[in-house]
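Read off the chains here:
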Amino acid sequence: MIVLLASGLTDETAAKRLGISLRTERRLVAGLMRRLNATSRFDAGIKAAQRRWI
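Quick caveat: nothing in here was measured; it's all calculated off a predicted structure. (Residues numbered from 1 in each chain as written. Predicted model: local features only at pLDDT ≥ 70, side-chain atom pairs only at ≥ 80, totals over all residues. Heavy atoms only, no water.)

Colleague: Explain a nonpolar patch on the surface here, please?
Modeller: On the surface, V3, W53 and I54 cluster together to form a nonpolar patch covering roughly 270 Å² of accessible area. Following the sequence through the fold, I54 ends up in the segment after α4 (41-50). (Patch = residues over 30% accessible without salt bridge, like charges linked within 9 Å, V, L, I, M, F, W, Y side chains within 5 Å. Areas by Shrake-Rupley, 256 points an atom, 1.4 Å probe, with all protein chains shown as cover. Salt bridge = Lys/Arg side-chain N within 4 Å of Asp/Glu carboxyl O. Helix = DSSP H or I, 4+ residues; strand = E, 2+ residues; numbered from the N terminus.)

Colleague: Help me understand unusual backbone geometry, please; the structure alone is not making it clear to me.
Modeller: Working note: non-glycine residues mostly have negative phi, and peptide bonds are mostly trans. Its identity as a non-glycine residue notwithstanding, N37 has a phi of 55°, on the positive side. Take N37: it is sitting in the loop between α3 (22-36) and α4. A residue is classified by how much of its surface remains accessible, and N37, at 58% relative accessible area, is exposed. With phi around 60°, R52 is a residue other than glycine that occupies positive phi space. Relative to the helices and strands, R52 resides in the segment after α4. (Buried < 20%, exposed > 50% of the residue type's maximum accessible area, 1.4 Å probe, protein only.)

Colleague: Looking at this structure, I do not really get the pattern of salt bridges. What am I missing?
Modeller: Proximity of charged atoms lets side chains of opposite charge pair with each other. Tallied over the entire structure, the rule returns four salt bridges. For the salt bridge of D11 with R26, the shortest nitrogen-to-oxygen distance reads 3.1 Å. With a gap of 15 residues between them, D11 in helix α2 (residues 11-18) and R26 in helix α3 connect regions that are remote in the sequence. For R26, a relative accessible area of 42% puts it in the partly exposed group. A salt bridge links E12 to R26; the nearest nitrogen and oxygen atoms lie 3.4 Å apart. Of this pair, E12 sits in helix α2 while R26 is found in helix α3, placing the two residues 14 residues apart along the sequence. Among the residues examined, E12 registers a relative accessible area of 39% and is labelled partly exposed.

What follows is the structure, given as structure tokens:
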């Protein structure tokens, strides 16, 4: 999931690629952002890279 976000995909495109609903994708993104303590998607990408998640 974080790789798709880091590559700049929209919520809709990421959900389609994962084969999940848009609502589920947004819930997963929100959970990742909380887990990373990120204030934006860009911030989440930086923090994920720092943690070597991507």
